[in-house]
Protein chains: 2
Amino acid sequence: MLNVIRADKDGISATDRGIAYGDGLFETIRMRGRQAVLRSFHLDRMVTDAARLGIPCDRDELDAAITRAGTDYEAAFEGGDWVLKLVLTRGRGGRGYRLPENCQPCLIVSVSAMPPLPAGTGVVAGFSQFPLTVNPQLAGIKSLNRLEQVMASREFTGQEFELIMRDTAGNLVEGTRTNLFFRRDEEWLTPPAGNLAVAGVLRKYLIACLREKGHQILEQTIPPSILSSADLPVLYLVNSVVGVVPVRSLGGVDLPVGGGLETICDPLQTLE
Amino acid sequence: MLNVIRADKDGISATDRGIAYGDGLFETIRMRGRQAVLRSFHLDRMVTDAARLGIPCDRDELDAAITRAGTDYEAAFEGGDWVLKLVLTRGRGGRGYRLPENCQPCLIVSVSAMPPLPAGTGVVAGFSQFPLTVNPQLAGIKSLNRLEQVMASREFTGQEFELIMRDTAGNLVEGTRTNLFFRRDEEWLTPPAGNLAVAGVLRKYLIACLREKGHQILEQTIPPSILSSADLPVLYLVNSVVGVVPVRSLGGVDLPVGGGLETICDPLQTLE
């Protein structure tokens, strides 16, 4: 049974393992009125990744929390779009990494306004100098261990919509808050889930949707040389709140725009 | 100005960045009555590592928090030994990794009884199967991003005092909650700070103390072959709460005991 906390009303215990060790995970969901975009993808990911961390998590309880939040907060956003964040922690614990015998997970529900959406003509992105390291056993989990993204975000100068993070070999892995989709000729490329800090739900939806529509998409490592080839790729940044965002300039390199991803697969079709 | 929270009395805001991203760091201090072991080492590390993370942190305020905790909790432990934990977070923030314009850091003060100390005749240690990955820019920081240690700690069977974590190349790096000191002949070895998830304060004290007493100590990578050589090393696990703990068996390999570290350098001499 989840201990549900509304962040606008309640605090949490200072002994929660979420704060002690980042022992938990989160989802950030785009809402429209009472409905959620990519609802089943968010539920699937949180249930799957909670299981990887050994945190008890019932899908129906999570689903009920989304429904409840829709009811509670729809009016505050006048039926328009808003953002729901669910943080699931392992709950309270004593000192020390070992799990308490009986943990009661805590679900923190918080809401915020939609961020401004960028123009469809393309955004400017840069590179973070902060290297990204991914533990293979934790790859893809949207856990509460996010210091790398916090540190990379300190490098924003105000000019960039996003900063791309690279692994220690210089390969392009992901943005601080987005996944990457490249298009070159008729082929789509995205880094493999096993190399990612966060494997986004929109990424998963897009891979399935592109395949269903007959596109070829490869999950493979993206070397820095992709930006020095004569045949520059189209690049999209994607996450479940801002959607699919074309990039017109990356690290000072002008990129072609017009890969069509915005119209090929529209996550707003998944409202439920 | 720190927002000081006593974990036995107060909760924290559910929007604190400590819980959202593990955006903070902590110290675990052995206390005796009102005094702290390795007090200046703990203060130095928290101030230095907070600066690495860009979290404002005044040494005098931290020092005052230790003094205040000593006054508040000494009686509860009848003048004996106890454990003081200080968690420093960046404070509240909105949604998103970027830092809020004005953050007010939060210091959570919590206390617990001393854990049972192991017999001086040596403990049994094993290996964790969970790989340790260290971001070079975050190396050594006792941050709130500790999922790797939590996951490794799930492997304890009840037989081991500690589980040793290895990097993806198999090198021995550190325990889930301890640093490693090896002695072979007249030479001491410990993995370099730049490879560590947590560079402990007792580790720092011991390196300085051993050097001051004329011992040779090298900070170098420890390959797995150290356990298959004919000349097996003495091994100690060290942290600032349990002190210096000899290991008599590691992963089924019997190790010699009697390196003398317990008496060469005694951190209890640093009480202040």
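What you see is a predicted model; the values in this text were computed from it and never measured. (Residues numbered from 1 in each chain as written. Chains lettered and ligands numbered in written order. Predicted model: local features only at pLDDT ≥ 70, side-chain atom pairs only at ≥ 80, totals over all residues. Heavy atoms only, no water.)

Here we look at the pairing of strand β3 (residues 24-32) of chain A
All names here are of chain A. Burial within β3 is extensive, with eight of its nine residues counted as buried. Examined bridge by bridge, β3 and strand β5 (residues 81-89) share nine bridges and lie antiparallel to one another. Along β5, the bridge assignment pairs I29 with L84. The sheet contact formed by β3 and strand β4 (residues 35-36) spans two bridges and is antiparallel. Bridging from a neighbouring strand, R32 pairs with Q35 of β4. Connecting β3 to the next strand, β4, in antiparallel fashion are two residues, including G33 with a positive phi near 60°. (Buried < 20%, exposed > 50% of the residue type's maximum accessible area, 1.4 Å probe, protein only. Helix = DSSP H or I, 4+ residues; strand = E, 2+ residues; numbered from the N terminus. Pairing = 2+ DSSP bridges.)

Points about the sheet that holds β3(A)
Hydrogen bonds between backbone groups are what pair the strands of a sheet, and the pairing can be parallel or antiparallel. All names here are of chain A. Taken in spatial order, the five strands line up as β1-β6-β5-β3-β4 in an open sheet, and their pairing is mixed. The strands lining the two open edges of the sheet, one partner per strand, are β1 (3-6) and β4. Sheet analysis places β1 next to strand β6 (residues 106-113), joined by four bridges and oriented parallel. Bridging across to β6, N3 finds its partner in C106. Packed onto the sheet, helix α2 (residues 39-53) meets β3, β4 and β5 and runs at close to 175° relative to β3. (Contact = heavy atoms within 4.5 Å. Axes fitted to C-alpha atoms, helices over the stretch in contact; angles between N-to-C directions.)

Some points on the state of the cysteines
Overall, the coordinates contain two disulfides over all chains when judged by the stated rule. With its sulfur 2.0 Å from that of its partner, C209(B) forms a disulfide with C265(B). Taking the sign of the S-S torsion, about -100° here, the bridge from C209(B) to C265(B) comes out left-handed. Here C209(B) is found in helix α5 (residues 201-212), whereas its partner C265(B) is found in the segment after α6 (261-264), with 56 residues between them in sequence. Exposure remark for C209(B): the relative accessible area of 10% places this residue in the buried category. The closest cysteine sulfur to the non-disulfide-bonded C57(A) is located on C103(A), 12 Å from its own sulfur. (Disulfide = S-S within 2.5 Å.)

Details of α2(A)
With 15 residues, α2(A) ought to run about 21 Å at 1.5 Å a step, and its terminal C-alpha atoms sit 21 Å apart, in line with that. Where the residues of α2(A) are buried, they touch β3, β4, α3 (59-73), β5 and α5 (201-212) of chain A together with α4 (147-153) of chain B. (Expected span 1.5 Å × (residues − 1).)

What to know about the relation of the copies chain A and chain B
Between chain A and chain B, the superposition needs a rotation of 180° and an axial shift of 0.0 Å, giving an RMSD of 0.0 Å. What we have between these two chains is a two-fold relation. Counting the interface residues of chain A, we find that 100% of their copies in chain B are interface residues as well, pointing to one common contact surface. (Least-squares fit on C-alpha atoms with pLDDT ≥ 70 in both.)

Here we look at the sheet that holds strand β3 (residues 24-32) of chain B
Residue and element names in this part refer to chain B. Taken in spatial order, the five strands make up an open sheet running β1-β6-β5-β3-β4, and their pairing is mixed. Here the strands that pair on one side only, and so sit at the sheet edges, are β1 (3-6) and β4 (35-36). Sheet strands touched by helix α2 (residues 39-53): β3, β4 and β5 (81-89). Its angle to β3, the strand with the most contacts, is close to 175°.

Describing the pattern of salt bridges
A full pass over the atoms with the stated rule returns 30 salt bridges over all chains. Among the ionic pairs, R17(A) bridges to D23(A), the shortest N-O distance being 2.8 Å. We note that R17(A), like D23(A), is buried. A salt bridge links D44(B) to R59(B); its shortest N-O distance comes to 2.6 Å. Residue D44(B) is located in helix α2, and its partner R59(B) is located in helix α3 (residues 59-73); the two are separated by 15 residues in the primary sequence. Since its relative accessible area comes to 33%, D44(B) is described here as partly exposed. In this structure R59(B) comes out as partly exposed when scored by relative accessible area, which is 33%. (Salt bridge = Lys/Arg side-chain N within 4 Å of Asp/Glu carboxyl O.)

Focus: the domain arrangement of chain A
Residues and elements named next belong to chain A. By the assigned domains, chain A splits into domain 1 (3-113) and domain 2 (123-266). Taking the mean C-alpha position of each, domain 1 and domain 2 sit 25 Å from one another. Of the roughly 1600 Å² buried where domain 1 meets domain 2, counting both sides, 67% is carbon and sulfur surface. On the domain 1 side of the contact with domain 2, F26, F41 and R45 bury the most area, a combined 33% of that side's loss. Between the two partners, domain 1 and domain 2, sit nine residue pairs in polar contact (both at pLDDT 80 or more). Residues belonging to the side of domain 1 that touches domain 2 are distributed by class as follows: nine nonpolar, six polar and six charged. (Domains from an automatic or database assignment. Buried area = accessible area lost by both parts, 1.4 Å probe. Polar contact = N/O pair within 3.5 Å; in protein donor to acceptor, adjacent residues only side chain to side chain. Nonpolar A, V, L, I, M, F, W, Y, C, P; charged D, E, K, R; others polar.)

Describing the nonpolar core
L25(A), L53(A), I66(A), L84(A), L86(A), L88(A) and L107(A) are the most contacted members of the largest nonpolar core, which has 35 residues in total. For this core, the secondary-structure elements that each account for two or more residues are β3, α2, α3, β5 and β6 of chain A together with α4 of chain B. Top element by residues in this core is α3(A). It accounts for five residues. Filtering out sequence-adjacent residues up to four positions away, L88(A) remains in contact with L2(A), G24(A), L25(A), M46(A), A50(A), I55(A), C57(A), P105(A), C106(A), L107(A) and L144(A). In this structure, M151(A), A197(A), A36(B) and Y73(B) belong to the second largest nonpolar core, which totals 34 residues. (Core = buried A, V, L, I, M, F, W, Y, C linked by side-chain atoms within 4.5 Å.)

Topic: the packing of aromatic side chains
For the coordinates displayed, the defined rule picks out twelve aromatic pairs over all chains. Between the aromatic rings of Y21(A) and Y97(A), the centroid separation amounts to 4.8 Å while the plane-to-plane angle is 55°, which identifies the pairing as tilted. Of this pair, Y21(A) sits in helix α1 (residues 17-21) while Y97(A) sits in the loop between β5 and β6, and the two are 76 residues apart along the sequence. Look at Y21(A) and you get buried, because its relative accessible area is 2%. Assessed through its relative accessible area of 8%, Y97(A) is described here as buried. Note on F26(A) and Y21(B): the rings are 6.4 Å apart at their centroids and 70° apart in plane angle, and the pair reads as edge-to-face. (Phe/Tyr/Trp six-rings, centres within 6.5 Å; stacked < 30°, edge-to-face > 60°.)

Comments concerning the pairing of strand β6 (residues 106-113) of chain B
All names here are of chain B. Most of β6 is tucked away: six of the eight residues are buried. Pairing of β5 with β6 involves eight bridges; the strand directions are antiparallel. Bridged to K85 within β6 is S110.

Some details on the interface of chain A and chain B
The interface is formed by 57 residues belonging to chain A together with 58 residues belonging to chain B. When the two sides are added together, the surface that chain A and chain B hide from each other amounts to roughly 4500 Å², 66% of it contributed by carbon and sulfur. The tally of links from chain A across to chain B stands at zero salt bridges. Contributing elements (two or more residues each) for the side of chain A that touches chain B: β2 (11-13), α1, β3, α2, β5, β6 and α4 (147-153) of chain A. Tallying contributions element by element places α4(A) first for the side of chain A that touches chain B, with six residues. Each residue belonging to the side of chain A that touches chain B can be placed in one class, and the counts come to 27 nonpolar, 16 polar and 14 charged.

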